[in-house]
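What follows is the residue order along each chain.
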Amino acid sequence: MRECFVAMIAACCLVGCGGGLEEFTTAPVTGKVMCKGEPLARAYVAFNPLRKGESAVVGKQGFAITNENGEFVLGTYDQTDGGVIGEHSVRVWLMGESCDCVVGDSVEVRKVEVKGGEDNEFTFELPEANRRQKMMQDEQAAEERDDEEDE
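Being a predicted model, the structure only gives us computed values, none of them experimental.

Enquirer: I'd like a rundown of the overall build of the chain, residues and numbers included.
Expert: Helix and strand content of the chain: two helices and ten strands. By the burial criterion, 32% of the 151 residues in the chain qualify as buried. Residue pairs at least 24 apart in sequence account for 66% of intrachain contacts in the chain once pairs closer than 6 positions are excluded.

Enquirer: Describe the environment of Lys-111, with residues and values.
Expert: Structurally, Lys-111 is set in strand 9 (residues 108-114). Residue classification places Lys-111 among the partly exposed positions, given a relative accessible area of 46%. It is 5.5 Å that separates the C-alpha atoms of Lys-111 and His-88, two residues lying 23 residues apart in sequence. Ignoring any residue separated from it by four or fewer positions in sequence, one finds Lys-111 in contact with Leu-50, Glu-87 and His-88.

Enquirer: Quick one: what's the story with the pattern of salt bridges, residue by residue and with numbers?
Expert: Summed over all chains, the structure comprises five salt bridges. A salt bridge links Lys-36 to Asp-100, with the nearest nitrogen and oxygen atoms 3.5 Å apart. You can see Lys-36 sitting in the loop between strand 2 (29-35) and strand 3 (38-39) and its partner Asp-100 sitting in the loop between strand 8 (86-93) and strand 9, a full 64 residues away along the chain. By relative accessible area, Asp-100 is classed as partly exposed at 33%. Between Glu-97 and Arg-42 there is a salt bridge, with its nearest N and O atoms 2.9 Å apart.

Enquirer: So, the state of the cysteines: which residues are in play, and what are the values?
Expert: Per the stated rule, a full pass over the model turns up one disulfide. In this model Cys-35 forms its disulfide with Cys-101; the gap between the sulfur atoms is 2.2 Å. Here Cys-35 and Cys-101 share a disulfide; its torsion about the S-S bond, 100 degrees, makes the bridge right-handed. Placement of the pair is Cys-35 in strand 2 and Cys-101 in the loop between strand 8 and strand 9, with a sequence separation of 66 residues. Note on Cys-101: relative accessible area 0%, which makes it buried.

Enquirer: How would you summarise the pairing of strand 10 (residues 120-126) if you had to cite specific residues and measurements?
Expert: Regular strands show a simple pattern: their side chains alternate between the two faces of the sheet. Where burial is concerned, the two faces of strand 10 differ: the one with Asn-120, Phe-122, Phe-124 and Leu-126 is buried and the one with Glu-121, Thr-123 and Glu-125 is not. Pairing between strand 2 and strand 10: seven bridges, direction parallel. Paired with Val-33 across the strands is Phe-124, a residue of strand 10.

Reading the values: the criteria
- Residues numbered from 1 in each chain as written.
- Predicted model: local features only at pLDDT ≥ 70, side-chain atom pairs only at ≥ 80, totals over all residues.
- Heavy atoms only, no water.
- Helix = DSSP H or I, 4+ residues; strand = E, 2+ residues; numbered from the N terminus.
- Buried < 20%, exposed > 50% of the residue type's maximum accessible area, 1.4 Å probe, protein only.
- Contact = heavy atoms within 4.5 Å.
- Salt bridge = Lys/Arg side-chain N within 4 Å of Asp/Glu carboxyl O.
- Disulfide = S-S within 2.5 Å.
- Pairing = 2+ DSSP bridges.

Now the structure itself:
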């Protein structure tokens, strides 16, 4: 009986380990991030796949950093392969910097759908931050700069 239980646990572990290795189909994703009509440089952009139906398996997050013109090319399994096909929650944030718009890795900018067989191009115009949000973002940016200097 004990051997059967151990074999069953081992089989479950093997099945569980194999599930994380799956690569989901991606499609090209490019875009631009704007703050008050101006390109936002050095912004981090994350495309987080959303759950659809009963499955909790959604695919890997896509990630990019904007260039000086606020443009980005998303990468999921490599730097430029795009995003997992399906619906995503998009987040934009800065590290060690602040701007006049609402940014943050916990702030959803918009939901978008990455479609297969298409070049998916998105422009994200970030909402302007109110005084309180701006003050909090400035404080966070200062803390991040201090952390970088300590390293």
